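Each chain is listed here by its residues.
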Amino acid sequence: MIHFEKFKLKNNLTVIVHEDKSTPLACINILYDVGARDEDENKTGFAHLFEHLMFGGSVNIPNYDEPLQMVGGENNAFTTNDITNYYCTVPSENIETAFWLESDRMLSLAFTEKSLEVQRSVVIEEFKQRYLNQPYGDVWLLLRPLAYNTHPYKWATIGKEISHIENATMDDVKAFFKLHYNPSTAIMVVAGDVDLENVKRLAEKWFEPIDAGIKPKRNLPKEPKQTEPRKLTVERDVPVDTIYKVYHMCSRNDKNYHTVDLISDILSRGNSSRLYNALVKDKQLFSEISAYVMGDFDEGLFVISGKLVDGVKMEDAEKSILEEIEKMKTIPVDERELQKCKNKTESSITFSETDVLNKATNLAISELLGDADLINKEIENYQNVTVSGIQQQAKELLNENNCSTLYYLKKK
Amino acid sequence: MLNRTAAPEFKTIDKIDILKASETKLDNGIPVYSINAGSQELTKVEFIFNAGMYYQNRTLLASTTNTLLEAGTAKYNAHQISENIDFYGSFLELGVGQDYASVSLYALNKYLNESLHYIEELLKNSIFPKQEIEIHLANKKQKHQINSQKVSTLARRRFSELMFGPQHPYGVDVQDHDFDTLTQKDIINFYNNFYNSKNCYIVVAGNLSKDVFTVLNSHFGKSDWGHATPAAKKQIVIVSSSQQKHFIEKKDAVQSAIRIGRILFNKTHPDYFKFQVVNTILGGYFGSRLMANIREDKGYTYGIGSGLSSFVNAGYFYISTEVGADVTTKALDEIYKEVKKLREEPVGADELETVKNYILGQFLRSVDGPFTLAEKFKAIKDFDLGYDYYEKYFKSVKAVTTNEIMELANKYLQEKDLIECVAGKM
């Protein structure tokens, strides 16, 4: 159970406070309700590029990192297709420095040409390092546009192509900030060795003078229902043939989300899972195989991917996956097997609550999904999943007509 | 009116309280170090053996033995072991480093006893079935082949070999054929020699239940287990490469991986603390000189860093990055320029203060929570050091001067002493 208090400033900024006196640290997590899904199709990768620019100096403070490091703090940020999230931790007596820094970059950035020019290059190097210069690095650049026709999940957070990043202009940057970065689009969580009253005082002092702004209305095109199998085959300079099968699944807030998540656990969580035992150990068709949900906020993807043992034919490998899927759909899952996956989930959630920063980030995400208290209902939501629910969702989800398949083959 | 240009007042960290591990012994003499902290009803139990790469006489032996501990025992097959550990919601984590091998269990307190039963089995009665070994090695080989396509892997592997020499277990560069030659007999011998009650200690951390010691004793403490001989200390000579520059070409690479460094010392050396400050200034944090120049000014890379790796029998210093293939030479020039600057120009007072405060902040972060406290304990225990090590660390960092920084840079970072390895395209 994570206890917290929640209030709103006059400018609409949501503030959540979680006191945890067992740590000498305090952290601020600020989530902005903007991700790659909010980008223009011709200017992709922008939410993430913008995350980099948030470290290029703000209107009154030329450098974000230096003053934070001076007080013993550390920070980072991440961007997904759904959100952009910034966090920092400091020794708790220096919490005001974090308020000062975070509020100034919510107020406005320095917008220097130098920062834009350099961060464009840095992000292009990131693109190369993670997506181009790695074996299988371009998988998601291929899978997303295969699985999605209209929803902006069809491009990756890093962007569709390097040219989109190269072409980003200062006008684009300023417009993006104006639209997406203001108190109305943000959720702030302050956690750790802090006091509610002091956090209120500091939030009012540093954040309340910022103009509320307007939360832009999100109106994303809905992905039409897939009605037939999609396939793509590519050859690359890799040593091992690999298969990816992705299925459209429900959104994060859907009542069936936890059921679908547990289906992926039954299939592949841990060495006692079905796919590992049947396909890696018994039949020895795969050297590794996994199933997982992407965790997207909108209707997202359920993924099965596996690397084939040398010499195994792709059709045999795929057939073996389909056989396991057929079992999920036709044979009710054993109560004990389901309970095993629930227990594992319960203990993962409990372990994740040992870290104050992790708690802060999860509170912010839960609040954005509708209510910070969702974080305290997760275990119960998983416990409520039923045998018949699993079977029904498996039938709905795991169909070839709902599936995009990628054969990623080694060059002959 | 709020003044946003002036930084708020702040405090420097003057003292850090570390919750110390307390020592007891099981009936058979296995030392148990416990850290009782945290609010969740969880426990991590870690068994640490002198069974790292240093002790292997064949490549891959230490890691393969460790990984296959869950491949079956006299009583349970691999599936039964994982099935039961998973059912209790517990996590088994196996790991091998240069010096130590470890077996960790993470469990909810309510299922600790049941879960430990399976750990007891695999520590005392593993049988390493032939088929499990074959499947594991074949799959590992495939992973090795995939990793061998990454410039970062190519540079890292070669760099270790250049530091320590191809014969040294810290430096060995695994080859494809190594996966074909390891035998069941090798593995069983290694298990018998190194996984036993005389060659082991236990660290237990979490919100510990009252009976945790009794539970541990019932599973692991009643009598000696395994062949019960402590591992012999051995000395292996380090032979660094006499050639300074090395290049592994990868024609289609869009980035090059760079490693530059030298054999130095481990954390027991008197200069270790203050050299950590030198390292942090150069490449040990986001605001470091290498990051400021090569990423934040030139945009050549997504990231660059430096560090000190400390093992029981040696240590080394390294700089590591991946840069655009077209700017490889320019990036190398800038790296050497930054090292030279450390030798020739005194570090500014502001920068030194920032680095000191940052290091102390990191230190504070690293003693927060039961599991990080356990890591902090192991980090001294593995080197036969006491908690006063951290007091000295704290004081040395606070006291280091501009002159000392320059002296250390001159003593340890001469360009002629640095070995360079690039994988990619130049």
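As the structure is a prediction and not an experimental result, all values here were calculated from the model.

1. Details of the pattern of salt bridges
Argument step 1. Per the counting criterion, the structure on display carries 61 salt bridges over all chains.
Argument step 2. One salt bridge connects Lys340 of chain B with Glu344 of chain B, and the closest N-O pair in it is separated by 3.9 Å. On the criterion of helical spacing, the pair formed by Lys340 of chain B and Glu344 of chain B is a turn pair, its members being four residues apart in helix 11 (residues 328-344).
Argument step 3. Here the salt bridges share partners, and the residues they tie into one network are Lys114 of chain A together with Asp297, Lys298, Glu334 and Lys337 of chain B.

2. Focus: the interface of chain A and chain B
Argument step 1. Between chain A and chain B, the residue contacts involve 76 residues of the former and 68 residues of the latter.
Argument step 2. For the pair chain A and chain B, the summed buried area comes to about 6200 Å², and 55% of that belongs to carbon and sulfur atoms.
Argument step 3. For chain A, the biggest contributors to the area lost against chain B are Met70, Asn133 and Phe351 of chain A; these three give 12% of the whole.
Argument step 4. Where chain A meets chain B, there are six salt bridges.
Argument step 5. At the boundary of chain A with chain B, the tally comes to 34 residue pairs in polar contact (both at pLDDT 80 or more).
Argument step 6. In terms of residues, the side of chain A that touches chain B owes the most to one element, helix 4 (residues 113-132) of chain A, which gives 11 residues.
Argument step 7. Of the residues belonging to the side of chain A that touches chain B, the class tally is 25 nonpolar, 28 polar and 23 charged.

3. Details of helix 4 (residues 130-147) of chain B
Argument step 1. Across its 18 residues, helix 4 of chain B extends 26 Å between first and last C-alpha, which sits within 8% of the 26 Å expected from 1.5 Å per residue.
Argument step 2. For helix 4 of chain B, every residue scored as buried is listed here: Glu132, Ile133, Ile135, His136, Leu137, Asn139, Gln142, His144 and Ile146 of chain B.

4. Structural notes on the pairing of strand 1 (residues 22-25) of chain B
Residue and element names in this part refer to chain B.
Argument step 1. Taken together, the four bridges between strand 1 and strand 2 (residues 31-36) define a ladder with antiparallel strand orientation. What sits directly across from Thr24, in strand 2, is Val32.
Argument step 2. Where strand 1 hands over to strand 2, the hairpin turn is made up of five residues, of which Gly29 adopts a positive phi near 100°.

Conventions adopted
Residues numbered from 1 in each chain as written. Chains lettered and ligands numbered in written order. Predicted model: local features only at pLDDT ≥ 70, side-chain atom pairs only at ≥ 80, totals over all residues. Heavy atoms only, no water. Salt bridge = Lys/Arg side-chain N within 4 Å of Asp/Glu carboxyl O. Helix = DSSP H or I, 4+ residues; strand = E, 2+ residues; numbered from the N terminus. Contact = heavy atoms within 4.5 Å. Buried area = accessible area lost by both parts, 1.4 Å probe. Polar contact = N/O pair within 3.5 Å; in protein donor to acceptor, adjacent residues only side chain to side chain. Nonpolar A, V, L, I, M, F, W, Y, C, P; charged D, E, K, R; others polar. Expected span 1.5 Å × (residues − 1). Buried < 20%, exposed > 50% of the residue type's maximum accessible area, 1.4 Å probe, protein only. Pairing = 2+ DSSP bridges.

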